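Notes for the structure review
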Amino acid sequence: MQTNETAIVNNNNLDETQRFELIQFVSETLSAQDVEKAVQTVIKYMRRLFGADCVRIREVIPRPRSLRFIYEDVDNPDAPRRINDTVTYSQEVWDRLKNAYAQGCFTYCSSSPDELGTMICREESMPNCLLQMPMYLSGEFCGTLDFMRFSGRRKWIQEEFSALKVCSQLIASCLSARISNNINNSERQLHDQLTGLLTQSTFTEKLDRELPDMLKKSPVALVYTDIRHFRYINEKYGYKKGDEMLKIAARTIYHDVAEKYPELIVCRVHSDHFASAAPIPAEGVASFSDFIARQNDILCRALMDCCPDIRIRMNTGICFINNENTDAATAVSNANLARKQAKDEHQHCPVVFTEQMMDEIKYQEFLHNELPKAIENHGLKVYYQPKINCADDSIYGAEALVRWQLNNGEFIYPDRFIPLFEKNGSIIDIDFYVYRQVFEYLRRRMDAGLPVVPISMNVSRVHFKENRIISYIEGLIDEYHIPADLLEFELTENIYIQNFNKASDFITECSKRKIKVSMDDFGSGYSSLNVMSILDIDTLKIDRVFLKNDELNESDKTVLEAMITMAKKLGMKVVCEGCLLYTSPSPRDRSLSR
């Protein structure tokens, strides 16, 4: 047997002795302890033996449909070095390659090395510049052994194929630890380890691939769902119980829905979020939401068997796909958007995605992007709504109100942007902008010798998460030298109730600085009368809901009179919102205004 590699160049086919010696050389060399050196020695020997310009080994890696070059021996200055390069195939080509290899075929190509896999042939003599031999480990495709010539061709014969099959198997066995790990990682990338469902990336790829055929039959429904308050369940019962619930959810979603829709595909997106898709007969689209609602009830009961003392509910969104213009990722995003709406609105029934939802998202994104420019360019306009003293019709104060004027002159009213910015935290920037505008306004009037009255400004509950508001107010006072008796800050009734301790701290800090604080929207929510007796509130603002009618009946007057009397006995001033129609006060009204 010839083991000396010098001067081994053979453009002719190997005879039986050479083929035997090849197998024996590969077997003996790969038995060495230094695997890296042994594999490199083997591919160099084969390159010279078969007269190739290069020999390379590629392995399956933990990335869908991908092979990476891990070894190469090159004897051509024009040949590119490919170590650690990755080749990713389309799903169609990948499936075709694996199926052909399983049937005893090899890959040939007589063109460039970047067009691998363009021809697949069986074990027969054929002149080509490229030969790819598949490698298998425990029956799983794990890589290829590649031979390349950049000039001329070599005619391979079936006996050489047989010898190379043995060699490729020996190489795969030698690299078994490395290759096995990559195959397992690749499988783990396809399926979620906990539930066994598809991963999100596998799900979207599979849906994109199957969507055209599905849509030929009927519309496709994509359902996105999660378990409401799942984080609380994890914290109360532990992650082991949470994992058990996720497994139950996966089985229920997959098996129960698949009974009616056998083409269903399901994935675990992350945490307690699941997505599923299936073609829905056109006549069943209208009733599909009801079907999912019933399935949610079944799922909730199954989950409550694990946690009987918790009332479990699902948040679910549905997106119907009617044409191929919508890809899987977009459909998942749309269904998730509908799920978020179900969550925000505390709906137990599924919410179906509509284009209006996307329009709203785009509009919110527009507002979010435009806000910094609006603040910088004074697109936020501050107006002052006067407060009228009923006793003498004088203006004794004002409330700062903000409106947003776009470049085209259009106004956006607070109910369109305040809730959005309270949710994302940008309301703090708006409030601070308004505060500065108020301080500047008061300073200008004072410098001009014009009369001034106290101005009240709104305080969002978001401020109590950051605790910057007092220091910001102090900075404005130092900068503009505004007397404290001209300042008042309004907190809504709900802020007092939901953030009692922080609201109390804020009031205390304001009181130290002689700044007044009022309770806004009193009576609009779940009023807590004991809050009024505990907190040092200067002004009570009664919500306009009590003045919803042009004319007050006796019951309305009795309730208002009781609230006003109570507030005055607690030493508070009273402001009643929404008094747009004015009539001369009666003696009874004047007595209440004193």
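About the cut-offs
- Residues numbered from 1 in each chain as written.
- Predicted model: local features only at pLDDT ≥ 70, side-chain atom pairs only at ≥ 80, totals over all residues.
- Heavy atoms only, no water.
- Helix = DSSP H or I, 4+ residues; strand = E, 2+ residues; numbered from the N terminus.
- Buried < 20%, exposed > 50% of the residue type's maximum accessible area, 1.4 Å probe, protein only.
- Contact = heavy atoms within 4.5 Å.
- Areas by Shrake-Rupley, 256 points an atom, 1.4 Å probe, with all protein chains shown as cover.
- Axes fitted to C-alpha atoms, helices over the stretch in contact; angles between N-to-C directions.
- Left-handed = near helix turned anticlockwise from the far one by under 90°.
- Nonpolar A, V, L, I, M, F, W, Y, C, P; charged D, E, K, R; others polar.
- Arc of directions from axis to C-beta.
- Pairing = 2+ DSSP bridges.
- Salt bridge = Lys/Arg side-chain N within 4 Å of Asp/Glu carboxyl O.
- Expected span 1.5 Å × (residues − 1).
- Parallel < 35°, antiparallel > 145°, perpendicular 65-115°, else oblique.
- Polar contact = N/O pair within 3.5 Å; in protein donor to acceptor, adjacent residues only side chain to side chain.

Per the secondary structure count, the chain includes 20 helices and 23 strands. The buried share among the 594 residues of the chain stands at 46%. Considering only contacts within the chain whose residues lie at least 6 apart along the sequence, 65% involve residues at least 24 apart. Approximately 30,200 Å² of the chain is accessible, and the part contributed by carbon and sulfur atoms is 49%.

We now examine unusual backbone geometry. Here aspartate 393, not a glycine, exhibits a phi torsion of approximately 65°, which is positive. For aspartate 393, the location among the structural elements is in the loop between strand S16 (380-388) and strand S17 (395-405). The class of aspartate 393 is partly exposed, set by a relative accessible area of 43%. The phi torsion at lysine 514 lies on the positive side, around 65°, for a residue other than glycine. Considering the arrangement of structural elements, one finds lysine 514 in the loop between helix H17 (500-512) and strand S21 (516-522).

Next up on the list: the environment of arginine 301. You can see arginine 301 is positioned in helix H9 (residues 285-304). On a C-alpha basis, the gap between arginine 301 and arginine 313 in space is 9.4 Å, while along the polypeptide they are 12 residues apart.

Here the focus is the packing of helix H8 (residues 239-260) against H9. For the pair H8 and H9, the least separation of the axes is 10 Å and the interaxial angle reads 145°. Relative to H9, H8 is oriented so that their crossing is right-handed. Each of Met245, Ile248, Ala249, Thr252, Ile253, Asp256, Val257 and Lys260 in H8 lies in contact with H9, whose residues at this interface are Phe291, Gln295, Ile298, Leu299, Ala302 and Leu303. Split into classes, the residues belonging to the contact of H8 with H9 amount to 10 nonpolar, 2 polar and 2 charged.

To continue, consider helix H7 (residues 230-237). For H7, the full list of buried residues reads Phe230, Ile233 and Asn234. Projected down its long axis, H7 shows its buried positions confined to an angular sector of 100°, all on one face. Turned more than 90 degrees away from the buried face of H7, the exposed residues are Arg231 and Glu235. Looking at the buried side of H7, the elements it contacts are strand S11 (220-227) and H8. Glycine 238, located one to two residues past H7, shows a positive phi value of around 95°.

A word on the pairing of strand S22 (residues 539-542). On a regular strand, one side chain projects to one face of the sheet and the next to the other, so that they alternate. Burial along S22 is two-sided: Thr539 and Lys541 and Leu540 and Ile542, pointing in opposite directions, are all buried. By the bridge criterion, 3 bridges tie S21 to S22 in an arrangement that is parallel. Among the inter-strand pairings, methionine 519 is bridged to a residue of S22, identified as leucine 540. As paired elements, S22 and strand S23 (residues 573-576) share 4 bridges and run parallel to each other. Counted as the bridge partner of lysine 541 is valine 575 from S23.

Turning next to the pattern of salt bridges. By the definition in use, this model includes 27 salt bridges. Arginine 268 is the salt-bridge partner of aspartate 192, the closest N and O atoms lying 3.2 Å from each other. Taken together, the residues aspartate 192 in the loop between helix H5 (176-190) and strand S10 (198-199) and arginine 268 in strand S12 (residues 265-270) connect sequence positions 76 residues apart. Exposure class is identical for aspartate 192 and arginine 268. Each is buried. A salt bridge links arginine 461 to glutamate 422; its shortest N-O distance comes to 3.4 Å. Of this pair, arginine 461 sits in the loop between strand S19 (455-458) and helix H14 (463-466) while glutamate 422 is found in helix H12 (residues 414-424), placing the two residues 39 residues apart along the sequence. Several salt bridges share partner residues, and in doing so they unite Glu399, Glu490, Asp520 and Lys541 into one network.

Two pairing modes exist for strands in a sheet, parallel and antiparallel, and in both the strands are linked by backbone hydrogen bonds. Taken in spatial order, the 6 strands make up an open sheet running S10-S12-S13-S11-S14-S15, and their pairing is mixed. Among the strands making up the open sheet, the edge pair consists of S10 and strand S15 (351-352). Contacts between H8 and the sheet are confined to S11, S12 and strand S13 (273-279), with S13 contributing the most and set at about 10° to the helix. Across the face of the sheet, helix H10 (residues 328-344) comes into contact with S11, S13, strand S14 (314-321) and S15 while running at roughly 140° to S14.

Right, let's talk about H17 for a bit. Spanning 13 residues, H17 covers 18 Å between terminal C-alpha atoms, matching the ideal 18 Å at 1.5 Å per step. Buried within H17 are the following residues: Ala503, Phe506, Ile507 and Cys510. For H17, the angular spread of buried residues about the axis comes to 100°, placing them on one side. Along H17, the residues that are exposed and aim more than 90 degrees away from the buried face are Asn501 and Lys512. For H17, the elements touching its buried residues are H14, helix H15 (469-480), strand S20 (487-492), helix H16 (493-498) and S21. One or two positions beyond H17, positive phi appears at lysine 514, with a value near 65°.

One way to put it is that H7 packs onto H8 with a least axis distance of 6 Å and a crossing angle of 135°. In terms of orientation, H7 lies oblique with respect to H8. From H7, Phe230, Ile233, Asn234 and Tyr237 reach across to H8, where they touch Tyr239, Lys241, Gly242, Met245 and Leu246.

So, about the side chain of glutamate 399. Relative to the elements of secondary structure, glutamate 399 occurs in strand S17. Given a relative accessible area of 6%, glutamate 399 falls into the buried group. A distance of 2.8 Å separates the side chain of glutamate 399 from the side chain of lysine 541, its partner in a polar contact. Once residues lying within four places of it in the same chain are set aside, the contact partners of glutamate 399 are Tyr383, Tyr384, Gln385, Lys387, Ser456, Asn458, Glu490, Lys541 and Glu577.

This brings us to the environment of aspartate 344. Positionally, aspartate 344 belongs in helix H10. With 29 residues separating them along the chain, aspartate 344 and asparagine 315 place their C-alpha atoms 9.3 Å apart.

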